[in-house]
Amino acid sequence: MGKKVQDKDVRKKGFLASLLESISINGRMDPERKHSLFSSKLLPMSSYASISAQQVNTEHQTYDAFKGISITDGNISPLNSFMEELEESEIFFGKVVEHSPISLVLLDVDNSPVYLNRKFTETFGYTMDDLSSMKELWEHAFSSLDNGPDVVYTNELKMPCKNGSIKDVEVNTTKLTDDRMILLFKDLTQIKAAEKALFLDELRLEALVELNQLTGSKTRDILSFSLEKAVELTESQIGYIGFVNEDDSTVNMYAWSKSSMDLCDIENESNVYHFKETGLWCAPILQRMPVLTNSNKENNADAGSIPGISVNIRDHLGIPVFDDGKVVMIAGVGNKDGDYNSSDIRQMTLLMEGTWKLIQRKQSEDKIKAYLDQLARNNKELESLDRMKDEFMANITHELKTPLIPIKGYSELLLEGHLGALDGEQMKGVGMILQNTNRLQKLIDSLLYMQNIHSGNIQYHLDSIDIIVLLDKVTTDISSLKNDNSPALYKEYPSSVPFISGNSTYLEQVFSHILENAFKFTFHDGSITVKVSTEGNDLHVIVKDTGIGIPKEEMPHIFKRFYQADGSLTRRYGGNGLGLYLCKSIVEAHGGSIRAESEEGKGTEIHVFLPLIEKD
């Protein structure tokens, strides 16, 4: 019988097992799945078993023989069987690694790549022939590891691709053995781009919030702030803002970023340029759309030349701002470290549209403020003129009333014959003098009453009044002045009417004005009716005529001071526009109300409501 070789426990992992364990660690393989793989026929659990001190060498790696394999009389069949199983496992897991969704590179002790999988080539474009030139990258990855194996080191870096682009990646580096390590690459480019877009959106929103807080600032300060934020958001070096002039052929370069002023040696921020003189600077106006240029990688001053300004343009982004379909403003940035893209267009457009709206609002506020200031000055002047007018009216009415008293007195003496007998013509003349004296007296009283209302000095002494007696007195006074061409006057009074509380002098003025207007604007073949009734707690007096009426559009204004419906009527019939204004003031001072109903060509009704004296 053969002799069984004594075993010595060493417990080492094979290379392939270490590789797969690294993949499972960095690829987040499920532990149960890992166990099932290693316990399968393709990778026997004996890979973790106690092995004999005797080792079996292959051309790739030294594998320890498994404990429990007996080699007797040169019979190595158990070992051959194990090697076949190991080869099958290696082929299977080679396919797993090759088709893994994770980019993978295997390095040897001198940082030379010995293997990369298909995903690495798809992601970065490199093949095995290219990797030998990337010694610095591998050395950086290897030097960052701790000395011990199985330690995962995670790092983020900018990974250059074969086509010249740069990808953001996360690299997980694991030392498998003292002379081998594995690098797993996770592409973070889209994640980083989304994070950057989110950051720029937040930055833009912060800028818009700050922008809205500048409503009290000057327009130039608002534009300067917005422009610096645009340069920051797009990671540019220069920027400008211009306004399209009303001629639609020139632009006023209103603001330049601070870096533009320094780089371009611009002394005057505000300059007017014709569209054709500015190259790509004003291209967004002519094309009516954002213009993005990433082709001027060689410094090219002519591509974006402006007379008197020299600046090398590598990249440029310009956007137009519209108002009611018309380009009103342009904004541009230039010389970004990378290429401008749709995100830059979006950030610039939203920021500048917000800027334009703020400028519009500020311009509107400035106009309103200027208007209010002018209005305040005008009101102050009007108040001064109003005071002067009040003083003048007070003086003139006093001066007019003073000589009017003796004129009226002597006219009455003459008319009554106290100063001698008068013939018919003389009586008629004196009567005309007295009639117009009374009219002038009423006008002066109206002006004085208006002044008292305006100054708040008027006082009413109230008595119990029989409205029938008061109306008869007014109608009698007016009837004494009418002639054969006057319209007919009718009265419709109830047998008895409750008393009202009021001032008889002022109420006589009210009904005198109303009846005078009725007689004035009613033809001789027309009629005037005075009707009295009670409605609830009010006395209701209606003065109705069949005169010319009042136009509908004039009705809302007839109770305003100095208002007259038609200037031609004033010249024809006379009047000063105070009558109905005074009537309304007096009636309302008595706690009543007044309104008018009229139809042009058919006549007018004036309704007066006065409160009755409450019964105890």
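Residues numbered from 1 in each chain as written. Predicted model: local features only at pLDDT ≥ 70, side-chain atom pairs only at ≥ 80, totals over all residues. Heavy atoms only, no water.

**Let's talk about the nonpolar core**
Generally speaking, a soluble globular protein has its nonpolar side chains buried in company with each other. Short version of the rule: Put simply, buried Ala, Val, Leu, Ile, Met, Phe, Trp, Tyr and Cys residues joined by side-chain atoms within 4.5 Å make one nonpolar core. Type-normalised accessible area, obtained with a 1.4 Å probe on protein chains alone, sets the label of each residue: buried when under 20%, exposed when over 50%, and partly exposed for intermediate values. Numbering of helices and strands runs from the N terminus; a helix is a DSSP stretch of H or I covering at least four residues, while a strand is a stretch of E covering at least two.
Core analysis: the largest hydrophobic core is formed by 45 residues, its most contacted members being Ile-467, Phe-511, Ile-514, Val-541 and Val-608. At the level of secondary structure, the elements contributing two or more residues to this core comprise α12 (424-455), α13 (467-479), α14 (504-520), β17 (527-535), β18 (538-545), α16 (579-589), β19 (593-599) and β20 (603-611). In terms of residues, this core owes the most to one element, α14, which gives 8 residues. With 28 residues, the next largest nonpolar core counts Val-231, Leu-233, Ile-319 and Met-352 among its residues.

**Concerning the pairing of β20**
Put simply, the rule reads: For two strands to count as paired, DSSP must find a minimum of two bridges between them.
Taking burial as the measure, the 9 residues of β20 include 7 buried ones, the bulk of the element. Pairing geometry for β18 and β20, over 7 bridges, is antiparallel. Note that in β20 the partner of Val-541 across the bridge is Val-608. In terms of strand pairing, β19 meets β20 through 7 bridges, oriented antiparallel.

**A look at the packing of aromatic side chains**
The description of an aromatic ring pair uses the distance of the two centres, along with the angle that the planes make with each other. Note the threshold: The aromatic pairing rule takes the rings of Phe, Tyr and Trp, using the six-membered ring of Trp, and pairs them if the centres are within 6.5 Å, calling planes under 30 degrees apart stacked, those over 60 edge-to-face and the rest tilted.
Evaluated as defined, the whole model comprises 5 aromatic pairs. With 5.0 Å between their ring centres and 85 degrees between their planes, Phe-92 and Phe-93 make a pair best called edge-to-face. In this structure Phe-92 comes out as partly exposed when scored by relative accessible area, which is 31%. Ring geometry for Phe-120 against Phe-185: centres 5.2 Å apart, planes inclined by 65 degrees, an arrangement best described as edge-to-face. Remark: Phe-185 occurs in strand β7 (residues 180-187) and Phe-120 occurs in helix α4 (residues 118-124); sequence separation between them is 65 residues. Per residue, the accessibility class of Phe-120 equals that of Phe-185, and both read buried. Put simply, the rings of Phe-120, Phe-124 and Phe-185 pair up and form one aromatic cluster.

**A look at a nonpolar patch on the surface**
Using the following cut-off: By definition, no residue in a patch forms a salt bridge, and every one has over 30% relative accessible area; like charges are joined within 9 Å, nonpolar side chains (Val, Leu, Ile, Met, Phe, Trp, Tyr) within 5 Å. Only the protein chains shown count as cover for residues, with accessible areas throughout obtained via the Shrake-Rupley method and a probe of 1.4 Å. The rule for a salt bridge is simple: a side-chain nitrogen of Lys or Arg has to be within 4 Å of a carboxyl oxygen of Asp or Glu.
Taken together, the side chains of Ile-368, Tyr-371, Leu-372 and Leu-375 define a hydrophobic patch exposed on the protein surface, amounting to about 400 Å² of accessible area. Residue placement: Leu-375 occurs in helix α11 (residues 342-416). Under the relative-accessibility criterion, Leu-375 is labelled partly exposed at 31%.

**Observations regarding the packing of α13 against α14**
Let me state the cut-off plainly: Angles shown run from 0 to 180 degrees and are taken between the N-to-C directions of axes, each axis being a line fitted to C-alpha atoms and, for helices, limited to the stretch in contact. Roughly parallel means an angle under 35 degrees; roughly antiparallel, over 145; roughly perpendicular, 65 to 115; everything else is oblique. Should the near helix be turned anticlockwise from the far one by less than a right angle, the crossing is termed left-handed; should it be turned clockwise, right-handed. Residues are treated as being in contact if the distance between any of their heavy atoms lies within 4.5 Å. For this classification, Asp, Glu, Lys and Arg are treated as charged, while Ala, Val, Leu, Ile, Met, Phe, Trp, Tyr, Cys and Pro are nonpolar and the rest, including Gly, are polar.
In contact at an axis separation of 9 Å, α13 and α14 are set at 50 degrees when each is read in the N-to-C sense. As judged from the angle between their axes, α13 and α14 are oblique. Two packed elements cross with a definite hand, and for α13 against α14 that hand is right-handed. Across the interface between the two elements, Ile-467, Leu-470, Leu-471, Lys-473, Val-474, Thr-475 and Ile-478 from α13 touch Ser-504, Leu-507, Glu-508, Phe-511, Ser-512, Leu-515, Glu-516 and Phe-519 from α14. Residues of the contact of α13 with α14, tallied by class, amount to 9 nonpolar, 3 polar and 3 charged.

**Some thoughts on the sheet that holds β18**
Judged by pairing direction, the sheet is mixed, and its 5 strands sit side by side in the order β15-β17-β18-β20-β19 without closing on themselves. Strands with a single pairing partner mark the edges of an open sheet, and in this sheet they are β15 (488-492) and β19. Neighbour to neighbour, the strand axes of the sheet diverge by 15 degrees on average, direction disregarded. On the sheet, α14 packs against β15, β17, β18, β19 and β20 and is oriented at approximately 25 degrees with respect to β18.

**Some details on the pattern of salt bridges**
A full pass over the atoms with the stated rule returns 16 salt bridges. One salt bridge in this structure joins Glu-235 and Lys-196, with 2.7 Å as the shortest N-O distance. Highlighted residues: Glu-235 in the loop between α8 (219-233) and β8 (238-244) and Lys-196 in helix α7 (residues 189-212), separated in sequence by 39 residues.

**Brief notes about the confidence of the model for the protein**
So the rule is basically this: One number per residue, pLDDT, summarises how confident the predictor is, and it ranges from 0 to 100.
Of the residues in the protein, 75% reach a pLDDT of 70 or more, and the chain-wide mean stands at 76. For the stretch residues 1-69, pLDDT sits under 50, and the model shows 107 contacts to residues farther than four places along the chain or on other chains. Under a pLDDT of 50 for its full length, residues 297-304 has, in the predicted model, 20 contacts with residues more than four places off or in other chains.

**What about the side chain of Asn-117?**
Short version of the rule: A 3.5 Å cut-off defines polar contacts: any pair of N or O atoms within that distance qualifies, except that in protein one atom must be a possible hydrogen donor and the other a possible acceptor, and neighbouring residues in sequence count only when both atoms are side-chain atoms.
Looking at where Asn-117 falls in the secondary structure, it is placed in the loop between β4 (113-116) and α4. Overall, Asn-117 belongs to the buried group, its relative accessible area being 0%. Side-chain polar atoms of Asn-117 contact the backbone oxygen of Val-97, separated by 3.3 Å. Ignoring sequence-local partners within four residues, the contact set of Asn-117 consists of Val-97, Glu-98, Ser-100, Ile-102, Ser-103 and Leu-104.

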